[in-house]
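Structural features, examined
Here is how the chains run, residue by residue.
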Amino acid sequence: MSWGTELWDQYDNLSFHTQKGIDFLERYGHFIRDRCLIEMEYAGKLRRLVKNYQPKKKDEEEYQYSPCKAFKAMLCEVNDLAGQHEVIAENLQSDVIREINYLVKDIKEERKKLLQDSAKYVAMINNQVASLERSRKNYEKAFKEAERALDNFQRADADLNLSRAEVEKQRMNMAIKNQHCEESKTDYANQLQKTNELQSQHYKALMPEVFRQLQELDEKRIRNVRHFMAHSADVERNVFPIINKCLDGIINAANQINEKQDTILVIERYKSGFEPPGDFPFDDLSRGGESMPLIMPGGNTFVSSGIGAHRAESMTVKGTMSAGKLKKRVGLFAIFSSNKLMDVCSSVKNNLSSSGDKDDYSELPPNQRRKKILQKLDEIQAKLHQEVAAKDGLMKMKGVYESNPALGDPMSTEGQLNECSQRIDKLNSDMTRYQGLLQEVECNGSPAGSRKYESNTEHNGIGNGSTNNISSHNRLNMSIPDGRAPLGEDESLSRSASDSSVSIPAVGLNNRYPGETVSLGASRNSLANDEDTPYYDIHDLPPLGTCTALYAFEATSEGSIPMFDGEQLLIIEQDQGDGWTRVRRQPPNAEEGFVPTSYISIHSS
């Protein structure tokens, strides 16, 4: 059924109905917009909730227990849930609200155009009807005048007293009026025909077409409302799998809670390492006040002089030693105060930390003290590994500068090398000191399950992607309590300034001469004169590949070379992790230097 045939006379109602449909579509768009605001507000409150309940730094030690770990994992999952609600809001905003706004705009424009056309058609038919009415009135007036003229002529013709001239005058007037009446009649007939044709076209073609387009426009609006509702549900349904994964993550976190493991953690955290106190001795007053000695943990003794002296001042309620007593028992390290250390540091290897504070943890119980010392040893080992890697890189840079002074001054690295060596010596000294403290704790009676502190670095040396050939006797060996020496400057590096070397590349990118090195240090000539070590000039190194400059680069630092956008260069040495690649210009210039790795596109040869 069509609006054009069924509702041909309901123009005003259809206009009002289509306007109400547009208003409903806009209202639905406002609903989706408010829904997005609620989702964003909910996501923001969830994130704020997670932030408020994130563990503080002071509470990190408490979060080693499984319920706390599970709660922390749950916070992460809730944060992800907040992200999914943000995704819902963003997708509704981009896929629904924006489309609704576009649709409302298009429907309003189309409706306005159709209403303008219909108004034009209505005006046309109204004008034509008005013209027909005027023609009819003119014809009616002319007809009446013709009738009056005929009556006048008949009375004049019957009147014998009138002259012939008067009668002719009435005859001429009658003829004129009749002619005018016929003309008005003809005009009225033409206007009637024209009006009927226009009216037929108006109600059977023009207005039905307008109504048909309005009907299609309204159906389009209804169809899109259905699409928007379904798509809104799909937007929310699409995040359900991720929300379910977040909920599964919360369940998995809850399943990781282990009460037995937490009980063991509590024991490890608070265990003092002391033995339970022995029985109280019997005070025999009949022996003149003499009493049996009371043996205390740690080897301390006191003699009771009476019934009120069964417990020494240094004992706690649980029968263990107080912190003050512990400090006296291990007071051997108390002589190394910040002032006395300056006098004996030349002869004593066990120095204090860089802050100068006493950090031998002597105030802690044996078990807790051992744990703290092990943590400190792990920390020193990590720092030592970093310093050795840094010094290795500086040695390599110095060797490159010595082989090609145009790239930089070798002496510019001396200050950094000296600082690195001092830090390594300091870390080795701290390592030896804390290993001595660990030996002391374990010799005084280590608890069951104690471990020896040993750590060896990787057999391939230190550095990421380094081409250094590091011999087995120069691997990084952290000293341990079995008497091995700590890592020194001579044994900490895979090469020194006089023997730093890199592998010589062959024709391909990954092929290298096995076992052959070229010296980059100060003793390159001495290595070249050695019969077992072949010498290669650094400028004779074949390229590893080619590269293209992605951006223009102006050399502002020593050792770098400029390049322009799109320039083809030869790769001489790959990026060793510092963000720079060594390249050579195409012959005949053959200038060499370093350029940023992110500025070039590398092509393998």
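Residues numbered from 1 in each chain as written. Predicted model: local features only at pLDDT ≥ 70, side-chain atom pairs only at ≥ 80, totals over all residues. Heavy atoms only, no water.

This is how the line gets drawn: UniProt positions are given in the numbering used here, feature names are shortened, and annotations may be inferred rather than shown by experiment.
In the annotation of an unreviewed UniProt entry, the entry for the protein reads Formin-binding protein 1 isoform X1, and the organism field reads Sipha flava. Of the protein, the UniProt comment under Sequence similarities (unreviewed entry) reads exactly: "Belongs to the FNBP1 family."

**Looking at the side chain of Ser-118**
How we decide: A run of DSSP states H or I qualifies as a helix once it reaches four residues; a run of E qualifies as a strand once it reaches two. Both are numbered from the N-terminal end. Any two residues having at least one pair of non-hydrogen atoms within 4.5 Å are treated as being in contact.
Locating Ser-118 in the fold gives a position in helix 3 (residues 66-158). Setting aside residues up to four positions removed in sequence, Ser-118 forms contacts with Tyr-11, Met-207 and Val-210.

**Some remarks on the nonpolar core**
Note that soluble globular proteins tend to have their nonpolar side chains buried in a common cluster. Counted only if it meets this: Think of a nonpolar core as a cluster: buried Ala, Val, Leu, Ile, Met, Phe, Trp, Tyr and Cys residues, connected wherever their side-chain atoms sit within 4.5 Å. Only protein chains enter the accessibility calculation, which uses a 1.4 Å probe; a residue whose area is less than 20% of its type maximum is buried, one above 50% is exposed, and one in between is partly exposed.
One finds Leu-25, Ile-32, Leu-92, Ile-100 and Phe-228 to be the most contacted residues of the largest nonpolar core, which totals 22 residues. For this core, the secondary-structure elements that each account for two or more residues are helix 2 (11-52), helix 3, helix 4 (164-238) and helix 5 (240-255). Take this core: its biggest share by element is ten residues, from helix 3. Those residues in contact with Leu-25 that sit more than four places away from it in its chain are Ile-100, Leu-103, Val-104, Ile-107, Arg-221, Val-225 and Phe-228.

**Here's the deal with the environment of Thr-186**
Within the secondary structure, Thr-186 sits in helix 4. Residue classification places Thr-186 among the partly exposed residues on the basis of a relative accessible area of 44%. Once the C-alpha coordinates of Thr-186 and Tyr-139 are considered, the two residues, 47 residues apart in sequence, prove to be 8.5 Å apart.

**Some details on the pattern of salt bridges**
Here is the rule: When a carboxyl oxygen of Asp or Glu is within 4 Å of a side-chain nitrogen of Lys or Arg, the pair counts as a salt bridge.
One pass over the structure, following the stated rule, counts 26 salt bridges. Its salt-bridge partner being Glu-140, residue Arg-136 comes within 3.4 Å of it at the nearest N-O pair. A residue pair is termed a helical-turn pair when its members lie 3 or 4 positions apart in one helix, as Arg-136 and Glu-140 do in helix 3 at four residues. Look at Arg-136 and you get partly exposed, because its relative accessible area is 30%. When its relative accessible area of 35% is taken as the criterion, Glu-140 is described as partly exposed. Across the pair Arg-582 and Glu-592 runs a salt bridge whose closest N-O atoms are separated by 3.0 Å. Separated by ten residues along the polypeptide, Arg-582 in strand 7 (residues 580-585) and Glu-592 in strand 8 (residues 592-596) bring together distant segments of the chain. The burial state of Arg-582 is the same as that of Glu-592; both residues are buried. Within the structure, one salt-bridge network assembled from shared partners comprises Glu-133, Arg-136, Glu-140 and Lys-144.

**Some remarks on the packing of aromatic side chains**
The cut-off we apply is this: The rule is short: rings of Phe, Tyr and Trp, with Trp giving its six-membered ring, pair when the centres are within 6.5 Å, and they are stacked under 30 degrees, edge-to-face over 60, tilted in between. For a Lys NZ or an Arg CZ to count as sitting over a ring, it must be within 6 Å of the ring centre and within 35 degrees of the ring normal.
Under the definition given, this model contains eight aromatic pairs. For the ring pair Trp-8 and Tyr-203, a centre distance of 5.4 Å and an interplane angle of 90° mean the geometry is edge-to-face. Here the residue Trp-8 occupies a position in the loop between helix 1 (3-6) and helix 2, and Tyr-203 occupies one in helix 4, the gap between them amounting to 195 residues. Considering the side-chain rings of Phe-553 and Tyr-599, the 5.8 Å spacing of their centres and the 80° angle between planes classify their relative orientation as edge-to-face. Here Tyr-599 lies in the loop between strand 8 and strand 9 (600-604) and Phe-553 lies in the loop between strand 5 (545-549) and strand 6 (568-573), a separation of 46 residues in the sequence. Classification of Tyr-599 by relative accessible area gives partly exposed; the value is 29%. Ring pairing ties together the aromatic residues Tyr-551, Phe-553, Trp-580 and Tyr-599, which thus form one cluster. A cation over an aromatic ring shows up here: Arg-433 above the ring of Tyr-434, its NZ or CZ 5.1 Å from the ring centre.

**Side note on the packing of helix 9 (residues 366-403) against helix 10 (residues 414-443)**
The condition that has to hold: Here an angle of 0 to 180 degrees is reported between the N-to-C directions of two axes, which are lines fitted to C-alpha atoms, with helices fitted over the stretch in contact. Should an angle fall under 35 degrees it is taken as roughly parallel, and over 145 as roughly antiparallel, whereas 65 to 115 is taken as roughly perpendicular and any remaining angle as oblique. Whether a crossing is left-handed or right-handed is set by the direction in which the near helix is turned from the far one by less than a right angle, anticlockwise for left-handed and clockwise for right-handed. Each residue gets one label: Ala, Val, Leu, Ile, Met, Phe, Trp, Tyr, Cys and Pro are nonpolar, Asp, Glu, Lys and Arg are charged, and the others, such as Gly, are polar.
In the contact formed by helix 9 and helix 10, the axes pass within 9 Å of each other and the chain directions differ by 160°. When the axes of helix 9 and helix 10 are compared, the pair comes out roughly antiparallel. The hand of the helix 9/helix 10 crossing is left-handed. Taken together, the residues of the contact of helix 9 with helix 10 sort by class into 19 nonpolar, five polar and twelve charged.

**So, helix 5**
Inclusion rule: By this rule the span expected of a helix is its residue count minus one, scaled by 1.5 Å. As used here, the arc is the angular range of directions from the helix axis to the C-beta atoms.
Spanning 16 residues, helix 5 covers 22 Å between terminal C-alpha atoms, matching the ideal 22 Å at 1.5 Å per step. Among the residues of helix 5, Ile-243, Cys-246, Gly-249 and Ala-253 are the ones counted as buried. Down the axis, helix 5 shows its buried residues gathered within 110° of arc, on one side only. For helix 5, the exposed residues set more than 90 degrees away from the buried face come down to Lys-245 and Asn-255.

**Structural notes on the packing of helix 3 against helix 4**
Contact geometry of helix 3 with helix 4 gives a least axis separation of 6 Å together with a crossing angle of 165°. Looking at the two axes, helix 3 sits roughly antiparallel to helix 4. The two elements helix 3 and helix 4 meet at a crossing, and its hand is left-handed. Classifying every residue of the contact of helix 3 with helix 4 gives 34 nonpolar, 20 polar and 15 charged.

**Brief notes about the confidence of the model for the protein**
So the rule is basically this: The predictor attaches a confidence to each residue, and that confidence, scored 0 to 100, is pLDDT.
Overall, the predicted model of the protein reaches an average pLDDT of 74, with 72% of residues at or above 70. Low pLDDT (under 50) marks residues 294-357, which in the prediction has 94 contacts with non-local residues, meaning those over four places away or in another chain. Scored below 50 in pLDDT, residues 446-539 shows 175 contacts in the model against residues more than four places distant or in partner chains.

**What to know about the environment of Leu-7**
Along the chain, Leu-7 falls in the loop between helix 1 and helix 2. Ignoring any residue separated from it by four or fewer positions in sequence, one finds Leu-7 in contact with Ser-2, Leu-14 and Phe-211.

**With respect to the pairing of strand 6**
Let me state the cut-off plainly: Any two strands with at least two DSSP bridges between them are considered paired.
Within strand 6, five of the six residues are buried, leaving the element largely enclosed by the surrounding structure. Strand direction decides the pairing type here: strand 5 and strand 6, joined by four bridges, are antiparallel. Residue pairing in the sheet places Thr-546 in a bridge with Leu-570 of strand 6. In this sheet, strand 7 lies alongside strand 6 in antiparallel orientation, the contact comprising four bridges. Bridging from a neighbouring strand, Leu-570 pairs with Arg-584 of strand 7. Once strand 6 ends, the chain turns through six residues before running back antiparallel as strand 7, passing Gly-577 with a positive phi of about 105°.

**As for the pairing of strand 8**
When a strand is regular, its side chains alternate between the sheet's two faces. Most of strand 8 is tucked away, with five of its five residues classed as buried. Of the two faces of strand 8, the one lined by Glu-592, Phe-594 and Pro-596 and the one lined by Gly-593 and Val-595 are each fully buried. For strand 7 and strand 8, the ladder comprises five bridges, and the chain directions are antiparallel. Looking at strand 8, one finds that Arg-582 is bridged to Phe-594.

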